[in-house]
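Remarks on the overall topology
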Amino acid sequence: MKIYNTMTRKKEEFKPLNENRVKMFVCGPTVYDKSHIGHGRTYISFDVIARYLKYKGYSLFYLQNITDIDDKIIKRANELGIEPLKLAKENEELYFNDMELLSVTNVNFYARAMEHLNEIINQIQTLITKGFAYETPTGVYFDEFCFEDFGKLSNRNIEELNVSRVNPDPTKRNPGDFALWKKREEEPAWDSPWGKGRPGWHIEDTAISETYFGGQFDIHGGGLDLIFPHHEAEIAQMESATDKKPMVKYWMHTGFLNVGGEKMSKSLGNFITIEKLLKEYDPQVFRFFVLSTHYRSPIDFSDEALQQSEKSLKRIHKLMETIEEHLEMDIKQQNENDNKYIKLIENTGKEFFKAMDNDFNTPTALSALFNFIRDVNKGINHGEISKNVFKEIKLLFNEFGYVLGLTFSIKSSKIDSADEIVNILVDIREKLRKKKDYELADEIRGRLKDIGINLEDK
Ligand code: AMP
């Protein structure tokens, strides 16, 4: 399996640091607002990467941070007149909900920055002790010139970067030195060895990744916009703090999602939240749309593109429906064309997985799938397909569906809606318990138990 590494700008053979175990960290959102379709693009892409690593048999730990304090959150909270952490919590919940709707379900642990304040302070302390960071009246800063590899991910030259910049804070040694701790008197501010304040943005990620993964791990991901300065700063902090190089074996970055050919922004009026998107489109359609472009390429959102995705998805559903019908019909278990179709199934599987092995090339994988659908439809029209072959096709589509996080089979989509109904019942039961209507709450639990669903209150 090959993965494109932003660090070397090459596709490299994938070999985890520790045999079968894969540690993957992807930068999570800054929860100052509702999530938008750009977030959807990036997190669907990494969800498929996670699914495929698991499918290949790797034991994956997928970690994501949540930036729950930063300037944007504080500004927005002040505008709304609420506590910044309350605003962050509300948006975080909306984010989780959106991700679940988009079937982004493979993150093992979400780590909130503000729940790792001690770890952040410890890492800053280490950087000061080792001489990489220094304190001034306005904060604690990382001295870029102390880290000789600065710029290696984004291919930038630190001297040029600093020459062309005006120092925004004369207390800093160099214009490009970035904040590890911002001294602040006003709320919200937390105690630290350097007085009240709050952490800089870059340090939260390395404090979190060091806590759960140690100083080195396999994959670090995020959108392209994060390469500089964010990921560059992360490398400087982590490699200086731990002396282990490289911090990350494979750096992966997703291309940007634009709307109608332009960058999405509130001022252009083309800003689309996931909530708004899902009022018009099925989440699976958006997921299909995202996967029809390679994760590193830019992708342009438009109604036409979404409608096209809807049509393509319908073609798959239609075939699955036809298969179900034929499995109920009185047709032969085997026939003389079986070998031909079994070969076709095998080749399609090979093509699909070869594309996925080639830096998660989902558009090529999908085109193998659609070529297959064309051939199978012909076979069905000629009455060439036996029950056994239909069963094999179903199995193949289940595998594809698992890897892509798409629901192809009608049966499993029924299971999905059954899940949703159970969740509704669980929510209603919770409300009943809060109202102390234990009798009805127990009845819901009892009746779910009758059909094999155990509810445990923890
Ligand atoms: P943010 O909430 O802005 O910190 O972004 C969280 C993640 O979403 C980062 O990895 C960003 O690179 C990614 N992201 C933000 N906007 C877009 C976009 N328009 N297209 C793709 N990814 C995006």
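The structure presented is a predicted model; accordingly, all values stated were derived computationally and were not measured. (Residues numbered from 1 in each chain as written. Predicted model: local features only at pLDDT ≥ 70, side-chain atom pairs only at ≥ 80, totals over all residues. Heavy atoms only, no water.)

**What to know about the domain arrangement of the chain**
Which entries qualify depends on this criterion: Domain boundaries shown here were taken from an automatic or database domain assignment.
On domain assignment, one finds that the chain holds domain 1 (8–276), domain 2 (302–408) and domain 3 (411–450). If you average the C-alpha positions of domain 1 and of domain 3, the two centres end up 38 Å apart.

**Examining the sheet that holds strand E12 (residues 257–259)**
For clarity, the threshold we go by: For two strands to be treated as a pair, DSSP must find no fewer than two bridges joining them. The way it works is that DSSP assigns letters per residue, a run of H or I at least four long becomes a helix, a run of E at least two long becomes a strand, and they are numbered from the N terminus. A contact between two residues is defined here by any heavy atoms of the two lying within 4.5 Å. An axis is simply a line fitted to the C-alpha atoms; with a helix, the fit covers only the stretch in contact. Between two such axes, the angle follows the N-to-C directions and lies from 0 to 180 degrees.
With mixed pairing, 3 strands are arranged side by side in an open sheet as E13-E12-E14. Each end of this open sheet is capped by a strand with a single partner; those strands are strand E13 (262–263) and strand E14 (299–301). Pairing of E12 with E14, which is carried by 3 bridges, proceeds in the parallel orientation. Following the sheet pairing, valine 259 is matched in E14 by phenylalanine 301. Docked against the sheet, helix H1 (residues 37–55) engages E12 and E14, running at close to 150 degrees with respect to E12.

**Considering the site of the ligand**
Stated precisely, the cut-off is as follows: When at least one non-hydrogen atom of a residue lies within 4 Å of a molecule or strand, that residue is treated as near it. Think of a polar contact as two N or O atoms within 3.5 Å of one another; within protein, one of them needs to be a possible hydrogen donor and the other a possible acceptor, and neighboring residues in sequence only count if both atoms come from side chains. As defined here, a cavity is a set of points on a 1 Å grid over the protein atoms alone where a 1.4 Å probe fits but cannot get out. A pocket is an open set with protein on both sides within 12 Å along at least five of seven lines, and residues line them when an atom is within 4 Å of a point. Whether a molecule lies in a cavity or pocket depends on its atoms, and more than half of them have to be within 2 Å of the grid points. Under the scheme applied here, ten amino acids are nonpolar (Ala, Val, Leu, Ile, Met, Phe, Trp, Tyr, Cys and Pro), four are charged (Asp, Glu, Lys and Arg), and all others, including Gly, are polar.
Around the ligand, the structure places 15 residues, and the nearest of them are His39, Thr42, Gly223, Asp225 and Leu257. Threonine 30 is positioned such that a nitrogen or oxygen atom in its backbone is 3.1 Å from an oxygen atom of the ligand. Glycine 38 is positioned with one of its backbone polar atoms (N or O) 3.2 Å from a nitrogen atom of the ligand. Most atoms of the ligand, that is more than half of them, are within 2 Å of grid points of the largest pocket. Elements represented by at least two residues in the shell around the ligand include exactly H1 and strand E10 (217–223). Of the residues that constitute the shell around the ligand, the class distribution is 5 nonpolar, 9 polar and 1 charged.

**Description of the packing of helix H9 (residues 283–291) against helix H10 (residues 303–328)**
The test is simple: Roughly parallel refers to an angle under 35 degrees, roughly antiparallel to one over 145, roughly perpendicular to one between 65 and 115, and oblique to any angle outside these ranges.
Interhelical geometry of H9 versus H10 gives an angle of 105 degrees and a closest axis separation of 9 Å. The orientation of H9 with respect to H10, classified from their angle, is roughly perpendicular. On the side of H9, the interface is formed by Gln284, Val285, Phe286, Phe288 and Phe289, while H10 contributes Ala305, Leu306, Ser309, Glu310, Ser312, Leu313 and Ile316. Here the residues of the contact of H9 with H10 sort into 8 nonpolar, 3 polar and 1 charged.

**Focus: empty space enclosed by the protein**
To find the voids left in a structure, one rolls a probe of water-molecule size over its atoms. For clarity, the threshold we go by: Grid points are joined across faces, edges and corners, and a volume is the space filled by probe spheres set on the points.
Under the defined criterion, the tally for this structure stands at 2 cavities of 30 Å³ or more. Lining the largest cavity, in full, are Arg41, Ser45, Val48, Ile49, Val290, Leu291, Thr293, His294, Tyr295, Phe360 and Thr362. Take the lining of the largest cavity: its biggest share by element is 4 residues, from H1. The class makeup of the residues in the lining of the largest cavity is 6 nonpolar, 4 polar and 1 charged.

**Here we look at the packing of aromatic side chains**
Here is the rule we go by: We call Phe, Tyr and Trp rings a pair once their centres come within 6.5 Å, taking the six-membered ring for Trp, and we label the pair stacked below 30 degrees between planes, edge-to-face above 60, and tilted otherwise. Buried, partly exposed and exposed residues are distinguished by accessible area as a fraction of the type maximum, computed with a 1.4 Å probe on protein chains only: under 20%, between the cut-offs, and over 50%, respectively. Charges are assigned to positions over rings by a cutoff of 6 Å between ring centre and Lys NZ or Arg CZ, combined with an angular limit of 35 degrees from the ring normal.
Under the definition given, this model contains 30 aromatic pairs. Where tryptophan 181 meets tryptophan 194, the ring centres are 5.9 Å apart and the plane angle is 55 degrees; that geometry is what we call tilted. Separated by 13 residues along the polypeptide, tryptophan 181 in strand E8 (residues 178–183) and tryptophan 194 in the loop between E8 and strand E9 (197–199) bring together distant segments of the chain. Residue class for tryptophan 181 comes out buried when judged on its relative accessible area of 0%. Ring centres 5.3 Å apart and planes at 50 degrees place the aromatic pair phenylalanine 213 and phenylalanine 217 in the tilted group. Judged on exposure class, the residue phenylalanine 213 and its partner phenylalanine 217 are both buried. Cluster of aromatic residues (ring-pair linked, three or more members): Tyr52, Tyr55, Tyr295, Phe352, Phe353, Phe360, Phe372, Phe397, Phe400 and Phe408. One Lys or Arg, arginine 51, reaches over the ring of tyrosine 402 and ends 5.9 Å from the middle of that ring.

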